Amino acid sequence: MGVLPVPAEVRAILLDIEGTTTPIAFVKETLFPYIKDNVKEYLHAHWGEEECQQDIRLLKKQAQEDSSLDGAVLIPLESESGEEELERVIQAIVDNVQWQMSQDRKTTALKQLQGHMWRAAYTTGHIKGEIFKDVVPAIRKWREAGMKVYIYSSGSVEAQKLLFGYSTEGDILELFDGHFDTKIGPKVESESYRRIAASIGCSTNNILFLTDVPQEASAAKEADTHVAVVTRPGNAGLTDDDKSYYSLISSFTELFLPSS
């Protein structure tokens, strides 16, 4: 590590979030615990709203599909009137959400509810997206040099925009030219990087992808995308093979752009 020259053909920098722009601890110790600790209160507060009812319908449908899985929590499909019955349904939803999270499920139903809960938390100031201190100054420098900057994360585009829109560095959404999530494809499949390049309007070798996950780096390289693996505090350790195979940076300041 030290200084990593950016290849002259690179026109766009594609950034992962967790472990790259943002500490893994923020996701594990702030975002996900917030859901577990506040889901019941959120359901009570928003129960009468159509958006919340849509989330509940999706969760009920998912619970039916999951009914054969070990430990799955069913949610009553029909709610009778009465406060006691409402509490029973809400508790079943809470138990279901917590079970899904304990299994690291990434269902649309769970993601949608989480996204709406995080939106409420960000907009009321209960949560601020944590950004490494080197990120904003580096991106400003890249943009001044004519680089386009994009985000590619497994979190939804909405969740990405909330994190950067309500961050410890203020609203920094203006720094990004676009956002991609797994709707474009899984991060561990090379075809996803080809689709991103096509969407941006460039070749894959015009892109530099920064991630902390070697499997993602491997998929991007396979698509002829330039890659650097980011080693931040709290990130998973790399194997000796990873260290010798990939270019490594511990800070965005280590990227050296060719003079334009």
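Residue numbering note: each chain is counted from 1, following its sequence as written. Given that this is a predicted model, residues contribute local features only at a pLDDT of at least 70 and side-chain atom pairs are listed and counted only at 80 or more, while totals for whole chains, interfaces and linings are drawn from all residues. Water and hydrogen atoms play no part in the side-chain values, which are based on all heavy atoms of the structure.

**Describing the domain arrangement of the chain**
Bear in mind that the domain bounds are from an automatic or database domain assignment. When the domains of the chain are assigned, the result is domain 1 (4-22 + 129-256) and domain 2 (28-124). Placing a centre on the C-alpha atoms of domain 1 and another on those of domain 2 gives a separation of 31 Å. Residues are treated as being in contact if the distance between any of their heavy atoms lies within 4.5 Å. Taken together, the eight residues of domain 1 in the interface contact eight residues of domain 2. Buried area, as used here, totals the accessible surface that two parts lose on assembly, with accessibility defined by a 1.4 Å probe and the loss added over both. When domain 1 packs against domain 2, the two sides together hide about 680 Å² of surface, and 61% of this comes from carbon and sulfur. For domain 1, the biggest contributors to the area lost against domain 2 are E158, L162 and Y166; these three give 57% of the whole. Any Lys or Arg side-chain nitrogen found within 4 Å of a carboxyl oxygen on Asp or Glu counts as a salt bridge. At the boundary of domain 1 with domain 2, the tally comes to one salt bridge. Here E158 ties to R119 by a salt bridge, and the two come within 3.4 Å at their closest N and O atoms.

**A look at helix α3 (residues 83-102)**
Note on conventions: DSSP H or I runs of at least 4 residues are helices, E runs of at least 2 residues are strands, and numbering of each starts at the N terminus. Expected helix span is given by 1.5 Å per residue-to-residue step, counting one fewer step than there are residues. Between its terminal C-alpha atoms α3 stretches 28 Å, which fits the 28 Å expected from 20 residues at 1.5 Å a residue. Here the term buried applies to any residue with accessible area under 20% of the maximum for its type, exposed to any over 50%, and partly exposed to those in between, with areas from a 1.4 Å probe on protein chains only. All of the buried residues in α3 are E85, V89, I90, A92, I93, V94, N96, V97, W99, Q100 and M101. Here the buried face of α3 lies against α1 (24-46), α2 (50-65) and α4 (108-123).

**Here we look at unusual backbone geometry**
Unlike most non-glycine residues, D104 shows phi in positive territory, near 55 degrees. Looking at the secondary structure, you find D104 in the loop between α3 and α4. For D104, a relative accessible area of 54% corresponds to the exposed category. Its identity as a non-glycine residue notwithstanding, D224 has a phi of 70 degrees, on the positive side. Examined against the element boundaries, D224 turns out to sit in the loop between α8 (214-222) and β6 (226-230).

**So, the sheet that holds strand β2 (residues 12-15)**
Across a sheet, strands are paired by hydrogen bonds formed along the backbone, either parallel or antiparallel in direction. Strand order in the open sheet made by the six strands is β4-β3-β2-β5-β6-β7, with parallel pairing throughout. Each having just a single partner strand, β4 (178-180) and β7 (248-249) make up the two edges of the open sheet. Taken together, the three bridges between strand β3 (residues 148-152) and β4 define a ladder with parallel strand orientation. Pairing of Y152 across the sheet is with F180, part of β4. Whether two strands pair depends on DSSP finding at least two bridges between them.

**With respect to the pairing of β2**
Burial along β2 is two-sided: the face carrying A12 and L14 and the face carrying I13 and L15 are both buried. Bridge count between β2 and β3: four bridges; the pairing is parallel. Within the sheet, the bridge partner assigned to A12 lies in β3 and is K148. Strand direction decides the pairing type here: β2 and strand β5 (residues 207-211), joined by four bridges, are parallel. Bridged to A12 within β5 is I207.

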